[in-house]
Amino acid sequence: HFFDREHYPLVETGREIHEIIRSIDFGKNGCRNIGIMDEDFLADRKRILEMARLNARETEKPILFSCFSSLKSISQYALEELLSMGLAGVWIGVESKRADYPKLKDIDAVKLISNLKNAGINILISMIIGYDWHDESAIEEDFQYLLSLKPVLSQIMLYSPCPQTPLYEKMVKENRLLDIPYKFHDGFHVLFEHPHFLPQELESILARLLQREYEELGPSIFRILETQLLGYNSLKHSYNPLFRARAIEHKKLCLEIYPLLKV
């Protein structure tokens, strides 16, 4: 909103991104594993493919990264391209089954996410509760949608009007903002009057959904183990030396997590 929905990259080319990653000292680690902070890192296909071609050459010490992206942006790439560039984990906002954000349109989310997990890519799915259309049945519908995606990790947070955004201005105009101290502007406290719930009711629903997610899908550490094992099995016999190197990293993480199974 602050930049008229335009992307202003701090690092302009794929080559620059690659060279920055190469410049970091990863010591004796078998790979270069980093997190990239960008609202939708995979959106600019031209920039990313330039980076991917260079990253793919690093077979001795593979480049792996996790980032924020969207279903729309990820769907621009073949699975082999995502693996070649080093995508190891991705945070995707699905928000709501009824949401009409452009980033969600005309994409088979279940199939896309399943393909990524089968290749060993960890998926964090985030959803929002507290839209005006959310009553108990609509929230349950969205929660069941989240479960159907079978994410490795989940985030569920309350719809929150941030100062100076269109939603905030809308809430001001409708006189719906509550007087909540800034320290509680955290996604877990209701900041406005909701048409169907009192604040404490919606906050209680959120807490219960987080507990149910754990009960339904199991501990996230085991979901990570499962995804890493899928990645290892799918890549260990690959013709591509980079993919075989990725398989070794999957195996290492599986062996690190394995002792927790007894616990």
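Check the entry above for the structure.
Keep in mind that this is a model prediction, so the values were computed, not measured.

Here is what the cut-offs are and how they apply
Residues numbered from 1 in each chain as written. Predicted model: local features only at pLDDT ≥ 70, side-chain atom pairs only at ≥ 80, totals over all residues. Heavy atoms only, no water. Helix = DSSP H or I, 4+ residues; strand = E, 2+ residues; numbered from the N terminus. Expected span 1.5 Å × (residues − 1). Buried < 20%, exposed > 50% of the residue type's maximum accessible area, 1.4 Å probe, protein only. Arc of directions from axis to C-beta. Contact = heavy atoms within 4.5 Å. Lys, Arg positive; Asp, Glu negative; His and termini not counted. Salt bridge = Lys/Arg side-chain N within 4 Å of Asp/Glu carboxyl O. Polar contact = N/O pair within 3.5 Å; in protein donor to acceptor, adjacent residues only side chain to side chain. Pairing = 2+ DSSP bridges. Axes fitted to C-alpha atoms, helices over the stretch in contact; angles between N-to-C directions. Patch = residues over 30% accessible without salt bridge, like charges linked within 9 Å, V, L, I, M, F, W, Y side chains within 5 Å. Areas by Shrake-Rupley, 256 points an atom, 1.4 Å probe, with all protein chains shown as cover. Core = buried A, V, L, I, M, F, W, Y, C linked by side-chain atoms within 4.5 Å.

Helix length check: helix H8 (residues 199-217), at 19 residues, gives a terminal C-alpha distance of 27 Å against a target of 27 Å (1.5 Å per residue), a fit within 8%. Burial in H8 covers these residues: Leu202, Leu206, Leu209, Arg212 and Glu213. All buried residues of H8 lie within an arc of 130 degrees about the axis, which places them on one face of the element. Close packing links the buried residues of H8 with strand S4 (122-129), helix H6 (136-149), strand S5 (153-158) and helix H9 (220-235).

Moving on: the side chain of Lys117. Looking at the element boundaries, Lys117 is found in helix H5 (residues 109-118). Within the buried set, Lys117 has no salt-bridge partner at all; the shortest N-O distance to an opposite charge, 5.0 Å, is to Glu226. A polar contact is formed between the side chain of Lys117 and the backbone oxygen of Lys150, at a distance of 2.5 Å.

A sheet is described by the order of its strands in space; here 5 strands give the open sequence S1-S2-S3-S4-S5, paired in parallel fashion. Edge positions in the sheet fall to strand S1 (32-36) and S5, since each has one partner strand and no second. Taking each pair of neighbouring strands and ignoring which way they run, the sheet shows an average axis angle of 15 degrees. Here S4 pairs with S5 via 6 bridges, running parallel.

With that settled, the discussion passes to the pattern of salt bridges. Enumeration over the complete set of coordinates arrives at 14 salt bridges. Where Arg98 meets Glu141, a salt bridge forms, and the shortest distance between an N and an O atom there is 3.3 Å. Separated by 43 residues along the polypeptide, Arg98 in the loop between strand S3 (87-95) and H5 and Glu141 in helix H6 bring together distant segments of the chain. Linked through salt bridges whose partners overlap, the residues forming this network are Asp132, Lys170, Glu174 and Arg176.

A grouping of Phe2, Phe3 and Tyr8 is seen on the molecular surface, where their side chains present a nonpolar patch of about 410 Å² in accessible area. Along the chain, the position of Phe2 falls in the segment before helix H1 (14-23). What makes Phe2 exposed here is its relative accessible area of 58%.

Phe41, Leu42, Phe65, Met85 and Leu87 are the most contacted members of the largest nonpolar core, which has 51 residues in total. Ranked by residue count, the leading element in this core is H6, at 6 residues. With near-sequence residues (within four places) excluded, Phe41 lies in contact with Ile17, Ile36, Arg47, Ile48, Met51, Phe65, Cys67, Phe68 and Ser69. In terms of nonpolar packing, the next biggest core, distinct from the first, is built from 5 residues, Val152, Leu225, Cys254 and Ile257 among them.

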